[in-house]
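Residue-level structural notes
Listed here are the chains, written in short residue letters.
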Amino acid sequence: MRIEQLGEGAPEIAVVAAIHGDEPCGVRAVERLLAESPAVERPVKFVVANEAALEKDVRYVEEDLNRAFPGDPDADTHERRLAADLAREVRDCTTLSLHSTQSYAEPFALVDTVDAIARSVCPYLPVSVLVETEAESDGRLIEYPHVVEAECGLQGSDSAADNAVELIYGFLEATGALPDDEPVAGYDQNDVEVYRLGRPVPKNGADDYEVFAENFERVPEGEAFAAADDRELVADEPFYPVLMSAYGYENVFGYRGERIGVLDG
Ligand SMILES: [Zn+2]
């Protein structure tokens, strides 16, 4: 785990990159931020979490770090020990954790529950979608208070890294870390649509997968939205696909989502 800091003092603001080693956008953005070294009014901690996985360009070395929280300093696996270290590093911080997906090119935000932190941070992020993950947060960093996750775009793309830079600046603006005289254009909070993450869509051990549906676009009841080998999956009730892709996850396509409304301040 690599830790850097902008500004003086004990940080109450943190940016976390590389929870997953095959999602380099966050690290690229953090390196750009550190090179640009903007003047800050509050100190900010930057954490590059899973350096071992990053080096190998794999999601994780022994187990998924984002299912390993709270972790244990004496655990058998690298990620479970790392989870304990990372949880300690961000314990007193409002935290932005940067990810990328194989499912969606536009950046969007995720929180465990839509609370005061979500309402104050998300309007400043370059996102039009916020996903509430409450029922599916087990073992993830997002279940800690004051953590906002961002999906920056498609894994390995330059645009995901560019989006990650914008997300960090928006986050620093939202948390009062940037001086007032350099405002970052925020998005109107009415534009942030909120979805709730629901049941995962399991894969059931086929060889070839396909997804027909678009993320955040309603799938009506009776519509085929994916296929596993030659078998089509048909919606038994309407839903909004979230984080859904053919090969993004090993055991699930992604999740059924429900549209809740728009973010209100
Ligand atoms: Zn990730």
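Scoring rules and cut-offs
- Residues numbered from 1 in each chain as written.
- Predicted model: local features only at pLDDT ≥ 70, side-chain atom pairs only at ≥ 80, totals over all residues.
- Heavy atoms only, no water.
- Donors = N, O, S within 2.8 Å, 3.2 Å for Na, K, Ca; no water.
- Helix = DSSP H or I, 4+ residues; strand = E, 2+ residues; numbered from the N terminus.
- Buried < 20%, exposed > 50% of the residue type's maximum accessible area, 1.4 Å probe, protein only.
- UniProt positions renumbered as here; feature names shortened; annotations may be inferred.
- Salt bridge = Lys/Arg side-chain N within 4 Å of Asp/Glu carboxyl O.
- Pairing = 2+ DSSP bridges.

The coordination sphere of the zinc ion contains the protein donors His20 (ND1), Glu23 (OE), Glu23 (OE) and His99 (ND1), at a distance range of 2.0 to 2.4 Å. If you list the donors of the zinc ion from N- to C-terminus, the spacing comes out as H-x2-E-x75-H. Taken together, the residues Glu23 in the loop between β2 (13-17) and α1 (25-36) and His99 in strand β4 (residues 94-101) connect sequence positions 76 residues apart. For the pair shown, Glu23 and His99 are each scored as buried.

As annotated in UniProt, the feature "domain: Succinylglutamate desuccinylase/Aspartoacylase catalytic" (unreviewed entry) corresponds to residues 11-100 in the numbering used here. Strand forms 19% of residues 11-100 and helix 34%; the C-alpha atoms that close the span are 25 Å apart.

On to the pattern of salt bridges. Under the definition given, this model contains 13 salt bridges. A salt bridge links Arg196 to Glu132; the nearest nitrogen and oxygen atoms lie 2.9 Å apart. In this pair, Arg196 is assigned in strand β8 (residues 193-202) and Glu132 in strand β6 (residues 129-132), connecting sequence segments 64 residues apart. Under the relative-accessibility criterion, Arg196 is labelled partly exposed at 35%. One salt bridge in this structure joins Arg199 and Glu237, with 3.2 Å as the shortest N-O distance. Separated by 38 residues along the polypeptide, Arg199 in strand β8 and Glu237 in the loop between β11 (231-234) and β12 (240-242) bring together distant segments of the chain. It is possible to trace a salt-bridge network through shared partners that takes in Arg2, Glu4 and Glu31.

Moving on: the pairing of β4. Within β4, eight of the eight residues are buried, leaving the element largely enclosed by the surrounding structure. The side-chain alternation of β4 yields two buried faces, one formed by Thr94, Leu96, Leu98 and Ser100 and the other by Thr95, Ser97, His99 and Thr101. As judged from the four bridges shared by β2 and β4, these two strands associate in the parallel manner. The residue of β4 that forms the bridge with Val15 is Leu96. The sheet contact formed by β4 and strand β7 (residues 147-154) spans six bridges and is parallel. Residue Leu98 lies in a different strand from β7, and its bridge partner there is Ala150.

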